[in-house]
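Structural overview
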Amino acid sequence: MLPLLHVHHIAIICSDYAVSKRFYTEVLGLTIIREVYRAERQSWKLDLALNDHYIIELFSFPGAPPRLSRPEAIGLRHLAFAVSDLDATVQELARLQVAAEPIRVDEFTGRRFTFIADPDDLPLEFYEV
């Protein structure tokens with residue numbers, strides 16, 4: 001068995017760096033650890049944390065092709081965040097003018113969840129724990 005400890009980070013490539021940076025920091029409230037412009041790649045790299053834990057690398061690359069999200073395609077499906085109060089989360093998203101799907105219930109766990117989309121239509125889930 002591999003000696004895996006935990007997921008270190010998730011890398012996301014965005015189409016509009018300024019828009020995605022604002023979304024992940026101002027809407028989701030992630031904090032910036034480091035922001036670097038890599039001139040040789042014409043690429044921004046933004047390291048983001050949630051509760052002081054490094055979780056996301058946000059990249060920009062010129063001319064990056066779009067990735068299918070719908071219909072669902074093979075590969076990484078979505079990123080999920082645990083929340084303690086889904087109703088309050090949905091209300092805050094609405095205040096920030098971010099539309100959430102109707103709340104659903106996981107048929108196996110009985111837990112409630114909903115989805116939103118980031119600026120590039122990446123599905124983001126909020127799962128009540």
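Placed above this text is the structure.
Reference entry: report on the structure contained in this document. A quick note: this is a predicted structure, and the numbers were derived from the prediction, not measured.

Strands in a sheet are paired, the pairing made by backbone hydrogen bonds, and the direction either parallel or antiparallel. The mixed open sheet is built from four strands, whose spatial order is β1-β4-β3-β2. Single-partner strands in this sheet number two, and they are β1 (10–14) and β2 (31–38). Across this sheet, the average inter-strand angle for adjacent strands is 20 degrees, counted without regard to direction.

Here we come to the packing of aromatic side chains. With the rule as written, the count across this model stands at seven aromatic pairs. Ring plane angle 15 degrees and centroid distance 5.6 Å describe the contact between F59 and F61, whose orientation is recorded as stacked. Considering the side-chain rings of F81 and F126, the 6.0 Å spacing of their centres and the 25 degrees angle between planes classify their relative orientation as stacked. Placement of the pair is F81 in strand β5 (residues 79–83) and F126 in strand β8 (residues 123–128), with a sequence separation of 45 residues. We note that F81, like F126, is buried.

With that settled, consider unusual backbone geometry. Phi at D52 is positive, roughly 65 degrees, even though this residue is not glycine. Take D52: its relative accessible area is 76%, and that puts it in the exposed class.

Right, let's get into the sheet that holds strand β7 (residues 112–117). Read across the sheet, four strands follow the order β5-β8-β7-β6 without closing on themselves; strand pairing throughout is mixed. This sheet does not close on itself; its edge strands, each paired only once, are β5 and β6 (104–105). With five bridges connecting them, β7 and β8 associate as antiparallel partners. Its bridge partner being in β8, I116 is matched across the sheet by L124. Sheet strands touched by helix α2 (residues 86–95): β5, β7 and β8. Its angle to β7, the strand with the most contacts, is close to 20 degrees.

Taken as a class, soluble globular proteins show a tendency for nonpolar side chains to be buried jointly. Y24 and L28 are the most contacted members of the largest nonpolar core, which has 21 residues in total. Mapped by element, the contributors of at least two residues to this core are β1, α1 (17–27), β3 (43–50), β4 (53–60), β5, α2 and β8. Counting residues per element, this core draws most heavily on α1, which supplies four residues. Sequence-distant contacts of L28, that is, excluding residues within four places in its chain, are made with F23, F81, I116, L124 and F126.

Definitions and cut-offs
Residues numbered from 1 in each chain as written. Predicted model: local features only at pLDDT ≥ 70, side-chain atom pairs only at ≥ 80, totals over all residues. Heavy atoms only, no water. Pairing = 2+ DSSP bridges. Helix = DSSP H or I, 4+ residues; strand = E, 2+ residues; numbered from the N terminus. Axes fitted to C-alpha atoms, helices over the stretch in contact; angles between N-to-C directions. Phe/Tyr/Trp six-rings, centres within 6.5 Å; stacked < 30°, edge-to-face > 60°. Buried < 20%, exposed > 50% of the residue type's maximum accessible area, 1.4 Å probe, protein only. Contact = heavy atoms within 4.5 Å. Core = buried A, V, L, I, M, F, W, Y, C linked by side-chain atoms within 4.5 Å.

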